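For reference, the chains in residue letters:
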Amino acid sequence: MTDISANITFAEQINQILTLPSPLQKLNDDKFLAHGMEVFVKRDDLIHPEISGNKWRKLKYNLLDAQKQGIRQIVTFGGAYSNHIYATAAAGKYFGFETVGIIRGDELNENSSETLRFASKCGMKLHFVTRTEYRNLREQPDSNSIIQSYRNARIIPEGGTTPLSLSGVGEMVDEILQQFGQAPDYILCPVGTAGTISGIIANTNSQTKVIGVCVLKNGQYLLNEIDTLLKSNTMSNDGRVLNPAIVNYEILWNENHGGYAKKTPELIDFVSKFNAVHDFEIEPIYSGKMFFAFYKHFLEIIKPNSKVVLIHTGGLRP
Ligand SMILES: Cc1ncc(COP(=O)(O)O)c(C=O)c1O
């Protein structure tokens, strides 16, 4: 296990452990070429096998900030299959933080899922709570006795989205601009808690339209979440002023295939055919729904002769 107090800086550790910038890969498909579109995939899934995709982007400045303040314990929340729990446990292992996962479901134990087994092996302490307790924690974290017992820890909410996450996601946008040499016309990403899309919106200018594919049913409340996040963080980590006022984005609400983690036969078929013909894989919960929606709607939502970047946010396990 690496220890952040060792001589090597956190930035150096990051460079040693993670693949950054993540590759930008062309998506070869004649149907896009026929409309003069150039489509690329930002392969954030390759950042690290265990801390992949948007999980790293969203965690980075939360961890750096904790480290700066001498905080060595990270407490976070999630369900038994949470990508965020998985990635936070791994990040704790690699970067020398103690981690605590508050897990929804007091009937569970560390062997209840692959995620929990992995998290526990990384050294994450698992704290199982009833669903009612979990809901209370989410709604009123500050007054909760469980949270109060971790007074010296950095508390990161379920899904890993905080105002600091926007800067980490912004670095992904910077990488795209550098790799591409110009701003793309469109960036598409899946939307769960809306942290990723908020970071993209905050770091693009009006020339780029951001399109989110909501993976949950009735996710319209996320519009408020995006608004709040954009207002909460108006400076990027390099001092650039983020732009909450420019709102060139759209969310597709009807591409959730029945709800979070639900799958239609069309989605399953699409993902398996996609994976059979491309040299990388997507999964059906996040990236699969985004790719599905893009293939289904590109003629309506994308202007001909545009340059498009699809964000592969990870979610595949080793
Ligand atoms: C693999 C993956 N992709 C996309 C998302 C959605 O990102 P966000 O929650 O920032 O909207 C998540 C959940 O955080 C995720 O685990």
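Residues numbered from 1 in each chain as written. Predicted model: local features only at pLDDT ≥ 70, side-chain atom pairs only at ≥ 80, totals over all residues. Heavy atoms only, no water.

- The protein is annotated in an unreviewed UniProt entry as 1-aminocyclopropane-1-carboxylate deaminase from Emticicia aquatilis.
- Quoted verbatim from the Sequence similarities (unreviewed entry) field of the UniProt record, the comment on the protein reads "Belongs to the ACC deaminase/D-cysteine desulfhydrase family."
- On record in UniProt, under Cofactor (unreviewed entry), the comment for the protein is "pyridoxal 5'-phosphate". (UniProt positions renumbered as here; feature names shortened; annotations may be inferred.)

**Considerations on the site of the ligand**
- Around the ligand, a shell composed of 15 residues is seen, among which Lys-55, Gly-192, Thr-193, Thr-196 and Thr-313 lie nearest.
- Between the ligand and the protein, one listed contact pairs an oxygen atom with a side-chain N or O atom of Asn-54 at 2.9 Å.
- Here an oxygen atom of the ligand sits 2.7 Å away from a polar atom, N or O, in the main chain of Gly-192.
- In isolation the ligand has 380 Å² of accessible area, and contact with the protein removes 97% of it.
- If you list the elements that add at least two residues to the shell around the ligand, you get helix H3 (54-68), strand E7 (186-191) and helix H9 (195-202).
- The dominant element in the shell around the ligand, judged by the number of residues it contributes, is H3, at three residues.
- Counted by class, the shell around the ligand contains four nonpolar, nine polar and two charged residues. (Near = heavy atom within 4 Å. Polar contact = N/O pair within 3.5 Å; in protein donor to acceptor, adjacent residues only side chain to side chain. Areas by Shrake-Rupley, 256 points an atom, 1.4 Å probe, with all protein chains shown as cover. Helix = DSSP H or I, 4+ residues; strand = E, 2+ residues; numbered from the N terminus. Nonpolar A, V, L, I, M, F, W, Y, C, P; charged D, E, K, R; others polar.)

**What about the sheet that holds strand E5 (residues 125-129)?**
- Read across the sheet, four strands follow the order E5-E4-E3-E6 without closing on themselves; strand pairing throughout is parallel. Strands with a single pairing partner mark the edges of an open sheet, and in this sheet they are E5 and strand E6 (154-156). Pairwise comparison of adjacent strand axes, ignoring direction, gives a mean angle of 20° for this sheet.
- Across the face of the sheet, helix H6 (residues 131-139) comes into contact with strand E3 (73-78), strand E4 (98-104) and E5 while running at roughly 120° to E4. (Pairing = 2+ DSSP bridges. Axes fitted to C-alpha atoms, helices over the stretch in contact; angles between N-to-C directions. Contact = heavy atoms within 4.5 Å.)

**Some points on the domain arrangement of the protein**
- Here the domain parsing of the protein yields domain 1 (10-49 + 164-312) and domain 2 (72-152).
- Just the C-alpha atoms count here: the centres of domain 1 and domain 2 sit 27 Å apart.
- Domain 1 puts seven residues into the contact, and the matching count from domain 2 is four residues.
- Interface of domain 1 and domain 2: buried area, both sides summed, is about 460 Å²; carbon and sulfur atoms make up 77% of it.
- Along the contact surface separating domain 1 from domain 2 lie zero salt bridges.
- Taken together, domain 1 and domain 2 are joined by zero residue pairs in polar contact (both at pLDDT 80 or more). (Domains from an automatic or database assignment. Buried area = accessible area lost by both parts, 1.4 Å probe. Salt bridge = Lys/Arg side-chain N within 4 Å of Asp/Glu carboxyl O.)

**Points about the pattern of salt bridges**
- Per the counting criterion, the structure on display carries 18 salt bridges.
- Arg-104 is paired through a salt bridge with Glu-158; the nearest N and O atoms lie 3.3 Å apart. Remark: Glu-158 occurs in the loop between E6 and helix H8 (165-180) and Arg-104 occurs in strand E4; sequence separation between them is 54 residues.
- Exposure remark for Glu-158: the relative accessible area of 25% places this residue in the partly exposed category.
- For Glu-255, the salt bridge goes to Lys-296, with nearest N and O atoms at 3.4 Å. One end of the pair, Glu-255, is in the loop between strand E9 (249-252) and helix H11 (265-277); the other, Lys-296, is in helix H12 (residues 287-301), with 41 residues separating them in the sequence.
- By relative accessible area, Glu-255 is classed as buried at 5%.
- Through salt bridges with shared partners, a single network forms among Lys-42, Asp-44, Arg-57 and Glu-175. (Buried < 20%, exposed > 50% of the residue type's maximum accessible area, 1.4 Å probe, protein only.)

**Some words on the UniProt feature "active site" (unreviewed entry) in the protein**
- When the UniProt feature table is mapped to this numbering, "active site" (unreviewed entry) covers Ser-82.
- Take Ser-82: it is sitting in the loop between E3 and helix H4 (83-95).

**Some thoughts on the environment of Lys-31**
- Tracing the backbone shows Lys-31 in helix H2 (residues 30-33).
- By relative accessible area, which is 41% here, Lys-31 ends up partly exposed.
- For the pair formed by Lys-31 and Trp-253, sequence separation is 222 residues and the distance between their alpha carbons is 24 Å.
- Not counting residues within four places of it along the chain, the set of residues in contact with Lys-31 comprises Tyr-295 and Phe-298.

**Thoughts on the layout of surface pockets**
- Its boundaries defined by the atoms lining it, the second largest pocket holds a volume of some 150 Å³.
- What lines the second largest pocket is Ala-11, Ile-14, Asn-15, Leu-20, Arg-57, Lys-60, Leu-64, Glu-171, Asp-174 and Glu-175.
- Within the residue set of the lining of the second largest pocket, elements represented by two or more residues are helix H1 (10-17), H3 and H8.
- In terms of residue class, the lining of the second largest pocket is built from four nonpolar, one polar and five charged. (1 Å grid on protein atoms, 1.4 Å probe; cavity = no way out; pocket = protein on both sides within 12 Å on 5 of 7 lines; lining within 4 Å. Points joined across faces, edges and corners; volume = space filled by probe spheres on them.)

**A look at the confidence of the model for the protein**
- Overall, the prediction assigns the protein a mean pLDDT of 92, with 93% of residues at 70 or greater.
- Counted against residues more than four places away or in other chains, residues 1-5, with its pLDDT under 50, gives 18 contacts. (pLDDT = per-residue confidence, 0-100.)

**A closer look at the sheet that holds E7**
- Taken together, the six strands give an open sheet; going across it, the order is E1-E2-E10-E7-E8-E9, and neighbouring strands pair in mixed fashion. Strands with a single pairing partner mark the edges of an open sheet, and in this sheet they are strand E1 (24-26) and E9. This sheet shows a mean twist of 25° between the axes of neighbouring strands, independent of strand direction.
- Strand contacts of helix H10 (residues 222-232): E7, strand E8 (209-214) and E9, with the helix running at about 150° to E9, the strand carrying the most contacts.

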